[in-house]
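Now for the letters of each chain:
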Amino acid sequence: MSAYEQLMQFQHDTEALGQVAGRLSWDQETMMPRGAADQREEEVSALEHVLHERRTDPRVGEWLSAIGDDALDPVQTAQLRHIRRRYERATRVPSALAARIARTISRSQVAWVEARAENDVPAFLPKLQEIVTLRREEGAAMADGGDVYDALLDDYEPGAKAADLEAMFGALRPRLVALREAVLSKPMPPQLRDGFDEAGQMKLARLVAKSFGYDLKRGRVDKAVHPFSSGSGDDVRITTRTMPHDPFNCLYSTIHEVGHASYEQNIDGAYRLTPLGRGVSMGVHESQSRIYENQLGRSRAFTGWLFARMTETFGDIGVPDADAFYGAANRVHKGYIRTEADEVQYNLHVLLRFDLERALVAGSLDVADLEEAWNSRFEADFGYPVDKPANGVLQDVHWAAGLFGYFPTYTLGNVYAGCLHEAMRRDVTGLDAHLAEGDTSPATGWLRDNLQQFGGLYRPREVIEKASGQPPSEGPLLDYLEAKFGALYGLG
Ligand code: ZN
């Protein structure tokens, strides 16, 4: 066997074990009996240990240097790019530091849950300080002389630079603030009635999942507290949740996760259990979930079909017709919580977090001043003050989980979705006529052919540029939002 073949065989088993670890965590969120928690922790930690050993195994370094650069095709070159990048990052971080970070994160998440329940920011700050310090240290090790925040960001969005995101986000912010103000000065669309039963919501969730092309022979839909998608290749599962007063939460969370899951399911089968067999970055992943959820799922055409399915299932749903239903599905309302935000306001939540976490990592913002910085930025962008920490600085688990550099990928995903949507509308004729019949296949087929099938073959920006025909920029997203909500809210 050549060095390349040996490396790929080794990597295959590492990828397979990684999938097993993912399935354990799926099980923990859906099926695991409560009493199994302690044993599960030991099982996960044993598997993580094996994975860490494999990811830093010196043989990987030896194989990498034994492989000549010639005689490799583009697929092999891309496989090696991923393996080399991950190996270098894994081996730069001392094992003791990695272990300390893992321990601190599991304790700080517990502290965060308590602090959030009590609205007690000071109780959480010592743990937050510890995490910032450790992640900064880890970032410095990975950065190898480069920018520390960029090194953290690179874990979620390989190749992205904070300075580029800053320029992009800086262009988004004023137009989003202006749109938000204009929309909220208008009367709000009607809401649905209350009291939607769980069985009906789950039936419709499976129906919309299918209508968006989710392959249930290689996936499944279960209930969990927080919706997520997990797995790659031939086993990609999603979860959803139901709330009696808000069937949109169930339906659009499902469509969102179907976007993530379809990306994984539609990657070229030849890449299964290789580094190319997974979505290439968090930002590109989020572009798929958001275009399924928003540009397609919340379009006037698709909501027309969905309105008919809703009234078939539930009878009178509280709005008289498909136009009112479209307004209800795109209702912009005041709120504090990122995960509940509409398309207009969502990115403002992310931009706030991006600026604050960069300042925390750089050391220009002290954790002691974080709450004040959060509150004043929130009031500047949203126009009203935060009422309590659970609705402000303590609302997201990310920082408690050590996820610095993750937030910006949400907005990057929306920006990418804007670019892809513009190109899709140009390429696919009669798209709305299909969506109005509940047929998303021209849209999802376009995404599969132009982006999803490639998995990790191209770099994140590269695959967006290839699919949309131009370098990614915030323009298409802003134009789309202004046109859609301008029409919906009758803005001048
Ligand atoms: Zn997502």
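Here we summarise the structure given alongside this text.

## Re empty space enclosed by the protein
In the structure shown here, the tally under the stated rule is two cavities of 30 Å³ or more. Roughly 50 Å³ of volume is contained in the largest cavity. Taken together, Arg290, Asn294, Gln295, Glu343, Asn347, Asn414, Leu477 and Leu481 make up the full set of residues lining the largest cavity. Looking at the lining of the largest cavity, the elements that each hand over two or more residues are helix H11 (282-296) and helix H20 (475-488). Partitioned by chemical class, the residues of the lining of the largest cavity number two nonpolar, four polar and two charged. Empty space within the second largest cavity amounts to approximately 40 Å³. In terms of lining residues, the second largest cavity is bounded by Trp374, Val393, Gln395, Asp396, His398, Trp399 and Phe407.

## Notes on the coordination of the zinc ion
In the first shell of the zinc ion, the protein supplies His256 (NE2), His260 (NE2) and Glu286 (OE), at 2.1 to 2.3 Å from the metal. Counting the intervening residues between successive donors of the zinc ion yields the motif H-x3-H-x25-E. Of this pair, His256 sits in helix H10 (residues 247-265) while Glu286 sits in helix H11; the two residues are 30 residues apart in sequence, bridging distant segments of the chain. You'll find His256 and Glu286 in the same group, each marked buried.

## Here we look at the packing of helix H16 (residues 408-427) against H20
With their axes 7 Å apart at the nearest point, H16 and H20 run at an angle of 80 degrees to one another. Considering their axes alone, H16 and H20 lie roughly perpendicular with respect to each other. Packed against H16, whose contacting residues are Asn414, Val415, Gly418, Cys419, His421 and Glu422, the element H20 presents Pro476, Leu477 and Tyr480 at the interface. For the contact of H16 with H20, the class distribution of residues is five nonpolar, three polar and one charged.

## Re the packing of aromatic side chains
As enumerated under the stated definition, the model contains 22 aromatic pairs in all. With a centroid separation of 4.9 Å and an interplanar angle of 90 degrees, the aromatic rings of Phe196 and Phe314 are classed as edge-to-face. Of this pair, Phe196 sits in the loop between helix H8 (162-184) and helix H9 (198-211) while Phe314 sits in helix H12 (residues 300-314), placing them 118 residues apart in sequence. Their ring planes at 10 degrees and their centres at 4.3 Å tell us that Phe378 and Phe382 sit as a pair that is stacked. With Phe378 and Phe382 both in helix H15 (residues 370-382), this residue pair falls four residues apart, about one helical turn. Neither residue differs from the other here; Phe378 and Phe382 are each classed as buried. Ring pairs connect the aromatic residues Tyr156, Tyr346, Trp374, Trp399, Phe404, Tyr406, Phe407 and Tyr410, which therefore count as one cluster. One residue, Arg237, lies across the ring of Trp26, its end atom 4.3 Å from the ring centre.

## Observations regarding the layout of surface pockets
Its boundaries defined by the atoms lining it, the second largest pocket holds a volume of some 600 Å³. As for the second largest pocket, its lining consists of 32 residues, of which Asp154, Glu157, Pro158, Gly159 and Ala160 are closest to the centre. Elements supplying a minimum of two residues to the lining of the second largest pocket: helix H4 (74-92), helix H6 (121-143), helix H7 (148-153), H8, H16 and helix H19 (460-468). A per-element tally of the lining of the second largest pocket places H4 first, with six residues.

## Observations regarding helix H5 (residues 95-118)
For H5, spanning 24 residues, the distance from its first C-alpha to its last is 35 Å, which sits close to the expected 34 Å at 1.5 Å a residue. All buried positions along H5 are accounted for by Leu97, Ile101, Thr104, Ile105, Ser108, Ala111, Trp112 and Ala115. In this structure, the buried side of H5 is in contact with H6. Asn119 occupies a position one or two residues after H5 and carries a positive phi of about 55 degrees.

Criteria and cut-off values
Throughout this document, residue positions are counted from 1 along each chain, in the order its sequence is written. Local features in a predicted model are, by the rule used here, given only for residues with pLDDT of at least 70; side-chain atom pairs are given and counted only at 80 or more, and totals for whole chains, interfaces and linings are based on all residues. The side-chain numbers reported here are obtained from all heavy atoms of the structure, hydrogens and water having been left aside. Using only the protein atoms, space was sampled on a 1 Å grid; points where a 1.4 Å probe fits but cannot get out form cavities, open sets with protein on both sides within 12 Å along at least five of seven lines form pockets, and lining residues are those with an atom within 4 Å of a point. Grid points are joined across faces, edges and corners, and a volume is the space filled by probe spheres set on the points. Runs of E in the DSSP output that reach at least two residues are strands. Runs of H or I that reach at least four are helices, and both are numbered from the N terminus. Throughout this entry, Asp, Glu, Lys and Arg are counted as charged residues, while Ala, Val, Leu, Ile, Met, Phe, Trp, Tyr, Cys and Pro are counted as nonpolar. The remaining residues, Gly among them, count as polar. For Na, K and Ca the donor cutoff is 3.2 Å, while for all other metals N, O and S atoms count as donors only within 2.8 Å; water does not appear among the atoms, so some sites may look incomplete. When accessible area is computed with a 1.4 Å probe and restricted to protein chains, residues below 20% of their type maximum are described as buried, those above 50% as exposed, and intermediate ones as partly exposed. Inter-axis angles, ranging from 0 to 180 degrees, are taken between N-to-C directions of lines fitted to C-alpha atoms, where helices are fitted over the stretch in contact. Oblique is the label for any angle not under 35 degrees, not over 145, and not in the 65 to 115 range, which are roughly parallel, roughly antiparallel and roughly perpendicular in turn. Only heavy atoms enter the contact rule, under which two residues are in contact if any of them lie within 4.5 Å. For this analysis, a ring pair means two rings from Phe, Tyr or Trp (six-membered ring only for Trp) whose centres lie within 6.5 Å, classed as stacked if their planes differ by under 30 degrees, edge-to-face if by over 60, and tilted for the remaining angles. The rule is short: NZ of Lys or CZ of Arg within 6 Å of the ring centre and within 35 degrees of the ring normal puts a charge over the ring. Helix span is expected to be 1.5 Å times the residue number reduced by one.

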